[in-house]
Amino acid sequence: MAEQKQFEPLIIGFTCNWCSYRAADLAGMSRVKYPPNVRLIRLMCSGRLDPTFVIKALKGGADGVLITGCHPGECHYLEQNYKAYRRYVLLRRTLKQFGVEPDRVKLVWASAAEGVHLAETITKMVEEVRALGPLNWPGVVAPNGDHPIHHEAKEEVPA
């Protein structure tokens, strides 16, 4: 019997330039290890994250999305992280209506000095998304370029 390969999720991380991106950099410089499953994208501010970017990441093959920013009250752009939080709440509600588990999208506050915290958060999220399994969203392109075939239940028309 062939050994089954463990599912490795792909997670896209949108990080604030001023805090959480620097926390990821600190984790790397401090040699704090976290899974290589996350691909970080730097934004100037978490408040600049358009929710359609999250949906596009999931439609493009990501199994989860991590949004990170400065702690509330410490945003370099005053209150933009509050805007990010409001968008996050609405986005999770919308994704649930699309049939996507809300736990596939997380919002985390991490200052530039919290590299260990961010690494632990990434590790925990990878484990959680791994437990959820692949997204399997219709129309999603897998990271290897495959287009999964989804069999939808078809109604039979009475004769």
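As a reminder, the structure under discussion sits directly above these lines.
Note that the structure is predicted; figures quoted are calculated from it, not measured.

### Examining the sheet that holds strand β3 (residues 64-69)
Right, on to step 1. In space, the four strands of this open sheet follow the order β2-β1-β3-β4, with parallel pairing throughout. Each of the sheet's edge strands pairs with one partner strand only, and the pair in question is β2 (38-43) and β4 (105-109). Each strand of the sheet is rotated relative to its neighbour by a mean of 20 degrees, with strand direction disregarded.
Right, on to step 2. Across the sheet, helix α1 (residues 20-29) lies against β1 (11-16), β2 and β3, angled at about 115 degrees from β1, the strand it touches most.
Right, on to step 3. Docked against the sheet, helix α4 (residues 115-132) engages β1, β2, β3 and β4, running at close to 160 degrees with respect to β3.

### Some thoughts on helix α3 (residues 80-97)
An α-helical turn contains 3.6 residues, so any two residues separated by three or four positions project in the same direction.
Right, on to step 1. An ideal rise of 1.5 Å per residue puts 26 Å on 18 residues; α3 measures up with 26 Å between its terminal C-alpha atoms.
Right, on to step 2. Among the residues of α3, those classed as buried are Asn81, Ala84, Tyr88, Leu91 and Leu95. Looking down the long axis of α3, one finds its buried residues gathered within 75 degrees of arc, a one-sided arrangement. Projecting away from the buried face of α3 at angles above 90 degrees are the exposed residues Arg86, Leu90, Arg93 and Gln97.
Right, on to step 3. Contacts made by the buried residues of α3 are with α2 (51-59), β3 and β4.
Right, on to step 4. Following α3 by one or two positions, Gly99 has its phi on the positive side, about 90 degrees.

Basis of the calculations
- Residues numbered from 1 in each chain as written.
- Predicted model: local features only at pLDDT ≥ 70, side-chain atom pairs only at ≥ 80, totals over all residues.
- Heavy atoms only, no water.
- Pairing = 2+ DSSP bridges.
- Helix = DSSP H or I, 4+ residues; strand = E, 2+ residues; numbered from the N terminus.
- Axes fitted to C-alpha atoms, helices over the stretch in contact; angles between N-to-C directions.
- Contact = heavy atoms within 4.5 Å.
- Expected span 1.5 Å × (residues − 1).
- Buried < 20%, exposed > 50% of the residue type's maximum accessible area, 1.4 Å probe, protein only.
- Arc of directions from axis to C-beta.

Read these as layout, nothing more, since geometry by itself doesn't imply function.
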